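Each chain, written out:
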Amino acid sequence: MPPPLSWIRPEPWGIHVVPADAWIDPSRPVDRALVTHGHADHARGGHGQTVATPETLAIMELRYFTREGATPVAYGETIELKGGVSATYIPAGHVLGSAQILLEHAGERVVVTGDYKRRPDPTCPPFEVTPCDVFITEATFGLPLFCHPPIAQEMAKLLDRLAAHPDRCVLVGAYALGKAQRVIAELRAAGHHEPIYLHGALVNLCRLYEEFGVNLGELRLVSEATKDEMRGRVVMCPPGALNDRWSRRLPDPITAMASGWMRVRQRARQKNVELPLIISDHADWGELTRTIEEVSPQETWITHGREEALLRWHQLHQRRARALALVGYEDEDD
Amino acid sequence: MEELAALIDALVYTRSRNEKLRLIAEYLRATPDPDRGWALAALTDGLDFPAVKSSTIRNLLMERVDPVLWTLSRDFVGDTAETASLLWPAPETHPAPPSVSETVELLAGMTRKSVLTELPLLMDRLDPSGRYALLKLATGAMRIGISSRLAKVAFAQAFEVTVEEVEEHWHGLTPPYEPLFNWAAHGHAAPDTANMPTFRPFMLAHPLEETVVDLADYAAEWKWDGIRVQLVRMGGETRLYSRGGDDISGTFPELLDILPMDAVLDGELLVRGSHQGGEQGGAASFNALQQRLGRKVVSKKMLAEYPAFVRLYDVLILEGTDLRERPWSERRKVLEALMPRLPASHFDLSQVIEAIDFDQLTQIRAGARDEAIEGLMLKRRDSPYIAGRKTGLWYKWKRDPLLIDAVLMYAQRGSGKRSSFYSDYTFGCWDGDPDAGAELLPVGKAYSGFTDEELKRIDRHVRTHTINRFGPVRETDRSLVFELAFDSVHESKRHKSGVAMRFPRVHRVRWDKPPHEADRLDALKALIKD
């Protein structure tokens, strides 16, 4: 009989599920990929078969033209793979379509979270705690200083600033997949029903979210708007466009950025941000540690982020953990 | 404290000077006494609480947070106060946050010992932003780019008074400046500072440009290349103020015990040297003076190597008599009569230049470069000493700038309205013959001197000629030449090229000039005068 958990092997370019000959979120093309969600550091094109939620597959088709070998698995559904391995897709609460993957083999259970958060998000179903032997987690915000404030507070900050400057617009830099749509949906929930103006790079993903039933209200293209009509309005763009030439067409924009990194003043200043909005689609320190306590695995594996501090936390709480050195993960813009 | 914390946060993220002024003015209007006075002192780094040190904060945190997690967090954030504000464990109960004045009172009462129990109680009453403000205030290291000048302008804006009045009344008062607020906000009589060694706002000059003046009405003096200072002795106490009204007495201790009478004197601070001739011997270039500026502790060696003195050009108050309403010619006579009573070791007189007419003066000015001085000052003979810059009374007539052709090497994005433009440039000159493999070495930076239209064109050039990116900086392919104007050039050990320019700015963009025809370093070095 093989030693426990020898069937799952972390490699630098992904997690190998050996008996199934499948890889989770591989960073190079493989025959069979199990993909947790549509962000570029987890989902790549060129695989023989791609197993993911229908939402994630739609995102991948839009972004990487992945169509062949697409195998949809709904939330809660289990798919049998080769070698006696089964995979169940469970909501991760990160972005539309994001899933944790529960792998079962020879009586052992492994959960790969991909990226996740525990806070409510109107654009995707919430994270579900799934008991397991090995919990493979991210640690993007794995330092105790990270504590994302309630999102309503950040929305109030944005709307207050907007009201104080009726002649200007607030330009919000937000990651094109997930963050942008969540900010728009939260603005609507906060009672902001004015048109919201979009950078062209956000249009297709916003449309896709709406096709999956996320109502984003009235959206307009910046390229089709006049400078004057955007005064007193919210404009959304990817973080890279914040200080770019593109923004010259806007009416004296107040530069905002929606990111968990905005918790640290120097980070915001480096990006020339005037209005930092602490909004993240990743678990903060409290969410990470609470989740590990609730899941209570025999062992935690940490894929990427600030693993040193999370390892230290495991040591202090007499829990077993190890850091995997996976390449290509992590997104500075979140 | 919440309002002050919000103000500090807003200031941290604001780059526009006007917006900073607006934020501070709004706070000052909305906040009651004495909180706003304490806040004003805190913003200008005017508060110090010796019991609270950075090490105190670290020790308090190490008792509450795992030391390994503290260190990892501190390394990530890069600032002890900010890390502590974020990591401080949320208290079980939430007592009411303290006011600014309560905070100041509590901090002032703390000792090295009691701080360990009392500071945590304050921390527990605040949220992360409030804790950040508290710790920055307590350690006296706000460092959010608010100069005392900016604070005074904001104060003037808040209460619709002139900044000159604020300057005059501010000094000599201690935080929380209640008489100042009573005067500006509540219309009480101005604080009586007549017998205090306070700063009196300077009279300033306009650029002469194309104006021609009659020397019968105007007197000419050299414009010295030092720093403008005001030396004040009142009630036996002496202070030295800089052009911005900052008290720099501590930096120049040799000037504090030498005035034999109460007086307010206006002059140029210089250090002894062989340039800038004066009656009692010469002064060194600005480069030498720079060795003395900005120091909190002055060594004996510094005092010996760079002895400072004041070249006087005006007297505002002498032995109880305020001369500011008198014409310049009369003040000048008083000053000349005063000179023999002052120690020649530390004072000399800025001579009036004798010229028959404006044409002769123009010739004298043309020779000014050799004197390593900045140009000429023209002062209306019948003008009183008026704070600020009033047209027609004083003119500065700077000598023509030096010019050099240099090649654009790096460009960086600006801030505020210029944040989408590459508007800050680094230029280089050739270290030899460019056709024989010479390289460009950076010689200086410039951010101004071009129109908005030119900026757009330069920005396009930078974007289409980028060969490397380093964060916000782009390295260009070194194909564009700029004619730079600058006031002088000095040797510098801090730059690889060995030279540093003073006040470099763009004079012209030389779209036409091939880069190999730009100037060589030798040409720049030949302009060094010190």
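Residues numbered from 1 in each chain as written. Chains lettered and ligands numbered in written order. Predicted model: local features only at pLDDT ≥ 70, side-chain atom pairs only at ≥ 80, totals over all residues.

### Observations concerning the overall build of chain B
Basically, it comes down to this: Starting at the N terminus, helices and strands are each numbered in turn, a helix being any DSSP run of H or I of at least four residues and a strand any DSSP run of E of at least two. Only C-alpha atoms enter the radius of gyration, while the globule expectation follows 2.2 Å times N to the 0.38, with N the number of residues. With C-beta atoms placed from the backbone, a residue counts as buried when 20 or more other C-beta atoms lie within 10 Å of its own, as exposed when 12 or fewer do, and as partly exposed for counts between those limits.
Tallying secondary structure elements over chain B gives 18 helices and 20 strands in all. The C-alpha atoms of chain B give 27 Å as radius of gyration, which agrees with the globular expectation for 530 residues (24 Å, within 12%). Once the C-alpha set of chain B is aligned to its principal axes, its extents read approximately 80 × 65 × 45 Å. Across the 530 residues in chain B, those meeting the buried criterion constitute 36%.

### Some remarks on the overall build of chain A
Looking only at helices and strands, one finds seven helices and 19 strands in chain A. Taking 20 Å as the expected radius of gyration for a compact globule of 334 residues, we find that chain A reaches 20 Å, a close match to that expectation. In terms of overall dimensions, chain A has C-alpha extents of about 70 × 45 × 30 Å along its principal axes. Within chain A, the proportion of its 334 residues that are buried is 51%.

### Brief notes about the sheet that holds strand β10 (residues 375-380) of chain B
In a beta sheet, neighbouring strands are held together by backbone hydrogen bonds and run either parallel or antiparallel to one another. Residue and element names in this part refer to chain B. Rule in force here: We treat two strands as partners when DSSP finds at least two bridges between them.
With mixed pairing, the five strands of this open sheet are ordered in space as β1-β11-β10-β2-β9. Each edge of the sheet is formed by a strand with only one pairing partner; in this case those strands are β1 (206-207) and β9 (352-353). Taken together, the five bridges between β10 and strand β11 (residues 394-398) define a ladder with antiparallel strand orientation. Bridge assignment links K379 to a residue of β11, and that residue is W394.

### Describing the sheet that holds strand β18 (residues 299-305) of chain A
All names here are of chain A. Put simply, the rule reads: Structural elements are reduced to axes, namely lines fitted to C-alpha atoms, with helices fitted over the stretch in contact, and the angle between N-to-C directions of any two is expressed from 0 to 180 degrees. Any residue pair is listed as a contact if its two C-beta atoms, each placed from the backbone, are within 7 Å.
An order of β7-β8-β9-β10-β11-β18-β19 is seen for the seven strands of this open sheet, with the pairing classed as mixed. Unpaired on one side and paired on the other, β7 (78-80) and β19 (320-323) mark the two borders of the sheet. Each strand axis lies, on average, 20 degrees off the axis of its neighbour in the sheet, ignoring direction. Here helix α6 (residues 285-295) sits on the sheet and contacts β11 (134-139) and β18; the angle it forms with β11, its principal contact strand, is near 175 degrees.

### Considering the domain arrangement of chain B
Operational definition: Residue ranges assigned to the domains are those given by an automatic or database domain assignment.
We note that the domain assignment places domain 1 (2-139), domain 2 (206-398) and domain 3 (402-525) within chain B. Placing the centre of domain 1 of chain B and that of domain 3 of chain B at their C-alpha centroids yields a distance of 42 Å.

### A word on the domain arrangement of chain A
Stated formally: Just so you know the grouping, Ala, Val, Leu, Ile, Met, Phe, Trp, Tyr, Cys and Pro go in nonpolar, Asp, Glu, Lys and Arg go in charged, and all remaining residues, Gly too, go in polar.
Domain assignment breaks chain A into domain 1 (8-145 + 282-323) and domain 2 (151-277). Classifying every residue of the side of domain 1 of chain A that touches domain 2 of chain A gives eight nonpolar, five polar and two charged.

### Notes on the pairing of strand β1 (residues 8-11) of chain A
All names here are of chain A. Two strands pair when backbone bridges link them, and β1 and strand β2 (residues 14-17) are joined in this way by four bridges, in the antiparallel orientation. Along β2, the bridge assignment pairs E11 with G14. Taking the residues that link successive antiparallel strands as the turn, the β1-β2 hairpin has two residues.

### A closer look at unusual backbone geometry
Residues and elements named next belong to chain B. Residue D33 is joined to P34 through a cis peptide bond whose omega torsion reads -5 degrees. In this structure, P34 sits in the loop between α2 (17-30) and α3 (35-43). A cis amide bond, omega 5 degrees, links P175 with the succeeding residue P176. Looking at where P176 falls in the secondary structure, it is placed in the loop between α11 (163-170) and α12 (178-186). Despite not being glycine, E160 shows a phi value in the positive range, around 55 degrees. Accessibility expressed as a C-beta count within 10 Å gives 8 for E160, which makes it exposed. With a phi close to 60 degrees, R478 is a non-glycine residue in the positive phi region. When the 19 C-beta atoms within 10 Å are taken as the criterion, R478 is described as partly exposed.

### Here we look at the interface of chain A and chain B
Contact residues are listed per partner, giving 23 residues for chain A and 21 residues for chain B. Sorting the residues of the side of chain A that touches chain B by element identifies α5 (265-270), β17 (275-277) and α7 (307-316) of chain A as the ones contributing at least two each. When grouped by side-chain class, the residues that make up the side of chain A that touches chain B number ten nonpolar, four polar and nine charged.

### Considering the environment of Y175(A)
Along the chain, Y175(A) falls in the loop between β12 (170-173) and α3 (179-189). When the C-alpha atoms of Y175(A) and P239(A) are compared, they prove to be 6.4 Å apart, with 64 residues separating the residues in sequence.

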